[in-house]
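The primary structure of each chain is shown beneath.
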Amino acid sequence: MAEHHLPPEPGHHPKGEKGVHADDLKPTRRRGYSYYGHDKGSSGLLRTLCFVVLVILLIAGITALVLYLVYRPTSPAFAVNSIAVYSISNVAAPSAAAAAPSAVAASFQCSLVIRNPSGRASARYDRLTAYVVYRGEAITAPAQLPPLVQDPDSAVMVAPVMGGGGSPPVPVSPDTAAALANDVSYGVVSLRVVLLGRVRFVSGPFRRGWRSMYARCDLLVGVRKGPGVGAAGVPEAPLLGNPSCDVDM
């Protein structure tokens, strides 16, 4: 009679052999690695750090922009109130060797109003020099002005005397001398008052560096002989029209 063998019971294995369990057949979770071999956890931390840095930079930029808009200074404004013409005439050149065959002896006093429109920034002016120009040529020697300190949203008046006071005549070209004589005879002269210097703004905790300033005011001046004339027979002059002033910084 043939023998029948039953299949081995679960958990029964030959001696020395290890059994296979159902848990061993389940897929295992593998750790993920990036292409460069870094762990995904480190990559996420790096992205978070970059995001935080970008947010900080954005906040700093917005803060700097707000402070700039609040404390940003505005260029000063200039206006001419009046001008006095004490003398203006053509004379011989001070030296025979001068390049120009003629010169102008002139003396003016101009009342200038300097306004600081900035509501938060004070202005400091230094190395101020004023002179008068006719047809693109200076007809007075430069006059030095003292330094000025101006509060925010305020105005100050200066009245420099340009020319005169023993200063020598200023050489000009023959065409300029002839045109000036002709305009004086008609009683109307177009002049330009120039103010050079440098300005510095102080706004709250911020201090800006010195900036060069070039201001000029174009005037139409009426000159005629009459009572109260000056040393050269030219009286104090009225302003015709509205003087215009511009400033470059």
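Heads up: the structure comes first, above all this text.
Here the structure is a predicted model, which is why all the values come from computation and not from measurement.

K.L.:
Could you clarify how one ought to interpret the packing of aromatic side chains in this entry?
P.N.:
For any pair of aromatic rings, the description consists of the separation of the ring centres together with the inter-plane angle of the planes. According to the stated counting rule, one finds zero aromatic pairs in the structure shown. Sitting over the ring of W210, R198 keeps its end group 4.2 Å from the ring centre.

K.L.:
Quick question: what am I supposed to make of unusual backbone geometry here?
P.N.:
Comment: phi is negative for the bulk of residues other than glycine, and the bulk of peptide bonds are trans. Positive phi is not limited to glycine here, since R135 has a value of about 55 degrees. Looking at the element boundaries, R135 is found in the loop between β3 (121-134) and β4 (137-138). Looking at R135, the relative accessible area reads 55%, which means it is exposed. For D153, which is not glycine, the phi dihedral falls at a positive 50 degrees. Mapping D153 onto the fold places it in the loop between β6 (148-150) and β7 (154-158). With a relative accessible area of 45%, D153 lands in the partly exposed category.

K.L.:
Can you help me understand the state of the cysteines in this one?
P.N.:
Such a bond, covalent and formed between the sulfur atoms of two cysteines, is termed a disulfide. For the structure shown, the criterion picks out one disulfide. Note on cysteine connectivity: C217 is disulfide-linked to C245, with sulfurs 2.1 Å apart. One disulfide, between C217 and C245, carries an S-S torsion of 115 degrees and so falls in the right-handed class. Of this pair, C217 sits in strand β12 (residues 211-222) while C245 sits in strand β13 (residues 244-248); the two residues are 28 residues apart in sequence, bridging distant segments of the chain. C217 sits in the buried class, given a relative accessible area of 3%. Here C110 stays free of any disulfide, with the sulfur of C217 as its closest cysteine sulfur at 6.9 Å. The class for C110 is buried, based on a relative accessible area of 0%.

Definitions and cut-offs
Residues numbered from 1 in each chain as written. Predicted model: local features only at pLDDT ≥ 70, side-chain atom pairs only at ≥ 80, totals over all residues. Heavy atoms only, no water. Phe/Tyr/Trp six-rings, centres within 6.5 Å; stacked < 30°, edge-to-face > 60°. Lys NZ or Arg CZ within 6 Å of the ring centre and 35° of its normal. Helix = DSSP H or I, 4+ residues; strand = E, 2+ residues; numbered from the N terminus. Buried < 20%, exposed > 50% of the residue type's maximum accessible area, 1.4 Å probe, protein only. Disulfide = S-S within 2.5 Å.

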